[in-house]
Amino acid sequence: MTELRFDDRVAIVTGAGGGLGRAHARLLAARGAKVVVNDIDRADDGGRTPAAALVEEIEAAGGTAVAHNASVAEPGAAAGAVTAALHAFGRLDIVVNNAGVVRDRSFLKMNDQELKDVLDVHFHGTFDLTQAAWGVFRDQGYGRVVMTTSVAGLFGNLGQANYASAKAAMVGLGRTLAVEGARYGIKVNLVSPGAATAMTAGMLPEDLHEEMSPDRVAPMVAYLCHDSCAVTGEIFHAVAGRFARNFIALTDGYTNPGATVEDVAANLGTIMDTTSWSIPSQAVELPR
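Since we're looking at a predicted model, the values are computed, not measured.

1. Some remarks on the pairing of strand β3 (residues 64–69)
- Summarising the sheet, strand β2 (residues 34–39) and β3 pair through six bridges and their orientation is parallel. Residue pairing in the sheet places Val 36 in a bridge with Val 66 of β3.

2. Structural notes on helix α3 (residues 77–89)
- Taking 1.5 Å as the rise per residue, α3 with 13 residues should run 18 Å; its terminal C-alpha atoms sit 18 Å apart, in good agreement.
- Listed in full, the buried residues belonging to α3 are Ala 77, Ala 78, Ala 81, Val 82, Ala 84, Ala 85 and Phe 89. Projected onto a plane normal to the axis of α3, the buried residues spread over an arc of 150° and lie on a single side.
- Where α3 is buried, its residues touch β1 (10–13), β2, β3 and α4 (112–140).
- In the segment just after α3, Gly 90 is the residue with positive phi, at about 80°.

3. Here's the deal with unusual backbone geometry
- Positive phi outside glycine occurs at Asp 8, with the angle close to 70°.
- In this fold, Asp 8 is placed in the segment before β1.
- Residues other than glycine seldom take positive phi values, yet Ala 240 does so here, at roughly 55°.

4. Some thoughts on the sheet that holds strand β5 (residues 143–148)
- With mixed pairing, the eight strands of this open sheet are ordered in space as β3-β2-β1-β4-β5-β6-β7-β8. The sheet terminates laterally at β3 and β8 (242–246), the two strands that pair on one side only. Ignoring which end each strand starts from, the neighbouring axes of this sheet average 20° apart.
- Pairing analysis gives five bridges linking strand β7 (residues 235–239) to β8, with the strands arranged antiparallel.

5. A word on the side chain of Glu 114
- Looking at the secondary structure, you find Glu 114 in helix α4.
- Owing to a relative accessible area of 9%, Glu 114 belongs among the buried residues under this scheme.
- A distance of 2.6 Å separates a polar atom in the side chain of Glu 114 from a polar atom in the side chain of Arg 105.
- Once residues within four sequence positions are removed from consideration, Glu 114 is found in contact with Arg 103, Arg 105, Lys 109 and Asn 162.

6. Focus on the nonpolar core
- Formed by 30 residues in total, the largest nonpolar core has its most connected members in Leu 28, Val 35, Val 37 and Cys 225.
- Of all the secondary-structure elements, those providing two or more residues to this core are β1, α1 (19–30), β2, α2 (50–60), β4 (94–97), α7 (218–225) and β7.
- Sorting elements by how many residues they give to this core places α7 first, with five residues.
- By size, the runner-up hydrophobic cluster in this structure holds 26 residues, among which are Ala 84, Val 95, Trp 134 and Met 170.

7. Let's talk about the environment of Glu 234
- Looking at the secondary structure, you find Glu 234 in the loop between α7 and β7.
- Residue classification places Glu 234 among the buried residues on the basis of a relative accessible area of 17%.
- Expressed as a C-alpha distance, the spacing of Glu 234 and Asn 97, which sit 137 residues apart in the sequence, is 15 Å.
- If sequence neighbours within four positions are ignored, Glu 234 has contacts with Val 188, Asn 189, Leu 190 and Arg 245.
- In this structure the side chain of Glu 234 is engaged in a polar contact, spanning 3.0 Å, whose partner is the side chain of Arg 245.

8. Section: the environment of Val 102
- In this fold, Val 102 is placed in the loop between β4 and α4.
- A sequence separation of 142 residues divides Val 102 from Ala 244, and the C-alpha atoms of the two residues are 25 Å apart.

The rules behind the values
Residues numbered from 1 in each chain as written. Predicted model: local features only at pLDDT ≥ 70, side-chain atom pairs only at ≥ 80, totals over all residues. Heavy atoms only, no water. Pairing = 2+ DSSP bridges. Helix = DSSP H or I, 4+ residues; strand = E, 2+ residues; numbered from the N terminus. Expected span 1.5 Å × (residues − 1). Buried < 20%, exposed > 50% of the residue type's maximum accessible area, 1.4 Å probe, protein only. Arc of directions from axis to C-beta. Contact = heavy atoms within 4.5 Å. Axes fitted to C-alpha atoms, helices over the stretch in contact; angles between N-to-C directions. Polar contact = N/O pair within 3.5 Å; in protein donor to acceptor, adjacent residues only side chain to side chain. Core = buried A, V, L, I, M, F, W, Y, C linked by side-chain atoms within 4.5 Å.

What follows is the structure, encoded as structure tokens:
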């Protein structure tokens, strides 16, 4: 099988100083991509930011990368990341929206700041960076965008109303941009990862940490970034070396233009029956 490489391609990976973002950036760089490593502007004891530390590692391995030290939630950070790519490498081809935070709390006790913190990073950070890169992609007739959703956003999770809301928003944003980007050669897909990271390790049994390494998610993300990726508007689950498709479907249901409330109640089993279903190809499809 021919190795899938990214020579001459330029990628921005957000939240790449650790966890999943680090795995994505390392793999892309190892396959020839020039990478803008984005992460928060917070230095360690040695004076290095998380992004700078990864840049050193990538360069030591023979790759090419530059650091962009800013939270994607900061005003101007999105435009700054795009500018960093264009200044350092003269182009931009790939955006991997990975940065994330959690502020878990039960719904009744969750405050406005905990909602805002999560939405600012996950939703606004993704929206702003993708929009900042969109004009570049449109003008060159090519682009690859990966957004990060979650099982919490797809299926719900206790104590994560803010996080789940932000991650569900990724689905609407990603699928809409896949439609808008099709005419410009821009493909937009989503990954729903499962991995032991600084954000999740405490929630997972220690014996699963190695099995759920971020490195076992990165191949899915890298494929979605590649020239040969033919799909768009899709959601892929990746965890512990398992790769699967998440999809939104519609049951055949029950059709009765004159239905009453009682008719709906009487036919709820038919409405919910998943024996036969379809995947809508557009937002509005009338029954036939």
